[in-house]
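Here is what each chain is made of, one letter per residue.
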Amino acid sequence: MISSKGFAAKTVKSHIEPFNFERRDPLPSDMVITIEFCGICHSDLHQVNDDWFPGIFPMVPGHEIVGRVSQVGSAVKKFKVGDLAGVGCMVDSCRQCAPCKAGLEQYCDVGMILTYNARDQQGNPTYGGYANNIVVDEAFALRVPANLDLAAVAPLLCAGITTYSPLHHWKVGKHSKVGIVGLGGLGHMGLKFAHALGAHVVLFSTSARKKDDALRLGANEVVLSNDANAMQKHAASFDLILDTVSADHDLNALTPLLKLDATLVLVGAPDRPAAVSAFPLIMKRRSIAGSGIGGIQETQEMLDFCGQHNIVSDIEIVPTTKINEAYKRLLANDVKYRFVIDIARAQ
Ligand code: NAP
Ligand code: ZN
Ligand code: ZN
């Protein structure tokens, strides 16, 4: 077995504290990554708090992982020792079903295996990136562009791909008007990507203090979502609205802003269901859809795109001793715009 030194929530809603554990011995197609940085996603909070489903504890969160390959199995082809590598939200899937064969492993019919808070093919709990190493099949590891700041690349593995994928799926381009709802980890990447794709980008925020940052990050306009008049000015004008909000909020304030046949895409995952009024949907054949992370091939494409366009996340690096403080600040909407844990410094 491979010994890991990590940080875990021992029980639901408990603090994150040091936790030593073991990972499986690398299989022929596995490699070991020595982790350098791991981002803190709002999904980590949701899962430690059992917001979505009963979790597996102790839970080592973390699915925005970057580091260097320190060991490779005999069948590993894509990576060699010393290479940079990343791991996102999933570490395996059935690899046989139609979605898996189409490179959409996140929509696997059997269910993707999450990087943490799940069970691997052998039935053992998966543990995430708040740890000094991870064992992963090379098919679920990503190549990391060497020209980018490694710490700021980490959030691309979840916040990056989760916003990149729907913008591509719904074909956002130069003539699109795109709304991004919520300026947090996902939202700030949504602004960067939508801007890079040439769209006219509007940020919807509850925080007036974020306006200047939003404009710097790629928004052409900022609208306070509690200002009904300002919202009304954008009625029936959007091709796509990407909603990244992590808590309860009113979707019925957003649907009337879509054009005929346009879509509100939910990527934020509040714990409670939203009430949706049928009328704005009926009146212009509008849709509400969801989107989950992205497949491995698309995640690689996103990382390569970031390498070419010099896109990374705006981050605040935190030491492992301040993970709990970072969680509190994330819940209090006090982050610009992603916390990244300096794992290497703890070793
Ligand atoms: P985050 O950094 O905390 O950002 C969430 C943003 O939502 C906040 O910055 C805030 O923006 C806004 N917000 C928070 N509470 C609100 C409220 N009560 N009403 C209205 N707006 C509110 O979180 P994140 O890491 O970006 O994650 C966002 C959500 O996406 C989480 O639910 C997470 O689990 C989910 N997620 C989903 C996927 C997927 O595959 N679909 C992947 C990753 C994460 P303003 O201050 O600008 O209003
Ligand atoms: Zn995430
Ligand atoms: Zn599958």
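It should be noted that the structure appears before, not after, this text.
Everything numeric in this text was worked out from a predicted model, so none of it was measured. (Residues numbered from 1 in each chain as written. Chains lettered and ligands numbered in written order. Predicted model: local features only at pLDDT ≥ 70, side-chain atom pairs only at ≥ 80, totals over all residues. Heavy atoms only, no water.)

1. Topic: the overall build of the chain
Applicable threshold: Per the convention used, a helix needs a DSSP run of H or I reaching at least four residues, while a strand needs a run of E reaching at least two, with both numbered from the N terminus. The classification of residues rests on relative accessible area computed with a 1.4 Å probe and restricted to protein chains. Under 20% of the type maximum is buried, over 50% is exposed, and intermediate values are partly exposed. The contact criterion used throughout is that any non-hydrogen atoms of two residues lie within 4.5 Å. Note on charges: Lys and Arg go in the positive column, Asp and Glu in the negative column, and His and the chain ends are not counted at all. Charge positions are represented by NZ for Lys, CZ for Arg, CG for Asp and CD for Glu.
Helix and strand counts for the chain stand at 10 helices and 17 strands. The principal-axis extent of the C-alpha atoms belonging to the chain is close to 60 × 40 × 40 Å. Out of the 347 residues belonging to the chain, those deemed buried represent 55%. Restricting the contact set of the chain to residue pairs at least 6 apart, pairs at least 24 apart contribute 67%. Distance between charge centres in the chain, computed from 33 positive and 35 negative side chains, equals 3 Å.

2. Topic: the coordination of the zinc ion (ligand 3)
The cut-off we apply is this: Ligating atoms shown are N, O and S within 2.8 Å of the metal, or 3.2 Å for Na, K and Ca, and water is not included, meaning a site may look less than complete. The rule is simple: four donors are tetrahedral if all their angles sit between 85 and 135 degrees, four are square planar and six octahedral if opposite donors span more than 155 degrees and the others lie between 65 and 115, and anything that fits none of that is irregular.
Protein coordination of the zinc ion (ligand 3) is provided by Cys 94 (SG), Cys 97 (SG), Cys 100 (SG) and Cys 108 (SG), with donor distances spanning 2.3 to 2.4 Å. Taken together, the 4 donor atoms coordinating the zinc ion (ligand 3) span angles of 104 to 120° at the metal, a pattern that classifies the geometry as tetrahedral. Expressed as a motif, the donor residue spacing for the zinc ion (ligand 3) is C-x2-C-x2-C-x7-C. An identical accessibility class is assigned to Cys 100 and Cys 108; each is buried.

3. Regarding the environment of Gly 160
Checked against the element boundaries, Gly 160 lands in helix H4 (residues 159-169). Separated by 96 residues in sequence, Gly 160 and Glu 64 have C-alpha atoms that sit 9.6 Å apart. Residues contacting Gly 160, with those up to four places away along its chain left out, are Pro 155, Met 189, Phe 193 and Met 302.

4. Looking at the sheet that holds strand S14 (residues 258-266)
Here is the rule: Strand pairing is defined by DSSP finding a minimum of two bridges between the two strands. Only the stretch in contact is used when a helix axis is fitted, and all axes are lines through C-alpha atoms; the angle between N-to-C directions ranges over 0 to 180 degrees.
Overall, parallel pairing links the 6 strands, which are arranged S12-S11-S10-S13-S14-S15 in an open sheet. The outermost strands of the open sheet, each flanked by one partner alone, are strand S12 (221-224) and strand S15 (287-290). Ignoring strand direction, the axes of neighbouring strands in this sheet form an average angle of 20°. Note: S14 against S15, 4 bridges, orientation parallel. Bridge pairing in S15 places Leu 266 opposite Gly 290. Helix-sheet contacts for H4 involve strand S10 (177-181), strand S13 (238-243) and S14, and the interaxial angle to S13 is about 160°.

5. Describing helix H9 (residues 296-309)
Put simply, the rule reads: Given the number of residues in a helix, its expected span is that number minus one, multiplied by 1.5 Å.
Taking 1.5 Å per residue as the helical rise, H9 with its 14 residues ought to reach 20 Å, and the 20 Å between its terminal C-alpha atoms agrees with that figure. Every buried residue of H9 is accounted for by Ile 296, Glu 298, Thr 299, Gln 300, Met 302, Leu 303, Phe 305, Cys 306 and Gly 307. Where H9 is buried, its residues contact strand S6 (90-92), strand S9 (142-143), helix H3 (150-153), H4 and helix H5 (185-196). Asn 310 occupies a position one or two residues after H9 and carries a positive phi of about 55°.

6. Concerning unusual backbone geometry
The peptide bond linking Phe 57 to Pro 58 adopts the cis configuration, its omega dihedral lying at -5°. The residue Pro 58 is located in the loop between helix H1 (42-48) and strand S4 (65-72) in this model. Here the residue pair Lys 336 and Tyr 337 is connected by a cis peptide bond, since its omega of -20° sits within 30 degrees of zero. Considering the arrangement of structural elements, one finds Tyr 337 in the loop between helix H10 (323-331) and strand S17 (338-342). Of note, the phi angle at Ala 236 is positive, near 50°, even though the residue is not glycine. For Ala 236, a relative accessible area of 32% corresponds to the partly exposed category. A positive phi angle, close to 50°, is found at Arg 285, a residue other than glycine. Here Arg 285 is to be found in the loop between helix H8 (278-283) and S15. A relative accessible area of 57% means that Arg 285 is categorised as exposed.

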